[in-house]
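Spelled out, the chains give:
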Amino acid sequence: MNSQGRRDVYLPAGDWVNLFDGSVTTGGQWLKDFKAPLAEMPVWVRLGATFPVYPEPVSCTDEMDLSKAITLTFDESYSGLMRSCLKSVLK
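Not measured: the values here are computed from a predicted model.

Across its full length, the protein carries one helix and seven strands. Beginning at the N terminus, the succession of helices and strands in the protein can be written as β-β-β-β-β-β-β-α. Dimensions of the protein, computed from C-alpha atoms along their principal axes, come out at roughly 40 × 30 × 20 Å. For the protein, buried positions account for 27% of its 91 residues. The contacts of the protein with a sequence gap of at least 6 include a subset with a gap of at least 24, amounting to 46%. Element-wise, carbon and sulfur atoms account for 56% of the exposed surface of the protein, whose accessible area totals about 6,200 Å². For the protein, the separation between the mean place of its 9 positive charges and that of its 11 negative charges on side chains is 6 Å.

As structure tokens, this is what we get:
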């Protein structure tokens, strides 16, 4: 990242979901001058992937109760990290 929060990012072939906002981008291309706030590093996940996340802030992994972990599925209904975690916690 440069001081303006911009960088070039290459996404391999396939469809990719932006971790933070849920937008889907087709890969096999460079995203030139992509802007991302420093609090939201540019992270994409392959469409269809799943992985567990911990929905609460902790200062040490010893504080985690892994029974609280939620699984995010990166499909067309995924709406971004904060919205997805909030929806799962409120269920």
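Per the stated rule, a full pass over the model turns up three salt bridges. Here Asp33 ties to Arg6 by a salt bridge, and the two come within 3.4 Å at their closest N and O atoms. In this pair, Asp33 is assigned in strand β4 (residues 29-35) and Arg6 in strand β1 (residues 6-11), connecting sequence segments 27 residues apart. Here Arg6 falls in the partly exposed class, since its relative accessible area comes to 29%.

What counts and what doesn't
Residues numbered from 1 in each chain as written. Predicted model: local features only at pLDDT ≥ 70, side-chain atom pairs only at ≥ 80, totals over all residues. Heavy atoms only, no water. Helix = DSSP H or I, 4+ residues; strand = E, 2+ residues; numbered from the N terminus. Buried < 20%, exposed > 50% of the residue type's maximum accessible area, 1.4 Å probe, protein only. Contact = heavy atoms within 4.5 Å. Areas by Shrake-Rupley, 256 points an atom, 1.4 Å probe, with all protein chains shown as cover. Lys, Arg positive; Asp, Glu negative; His and termini not counted. Charge placed at Lys NZ, Arg CZ, Asp CG, Glu CD. Salt bridge = Lys/Arg side-chain N within 4 Å of Asp/Glu carboxyl O.

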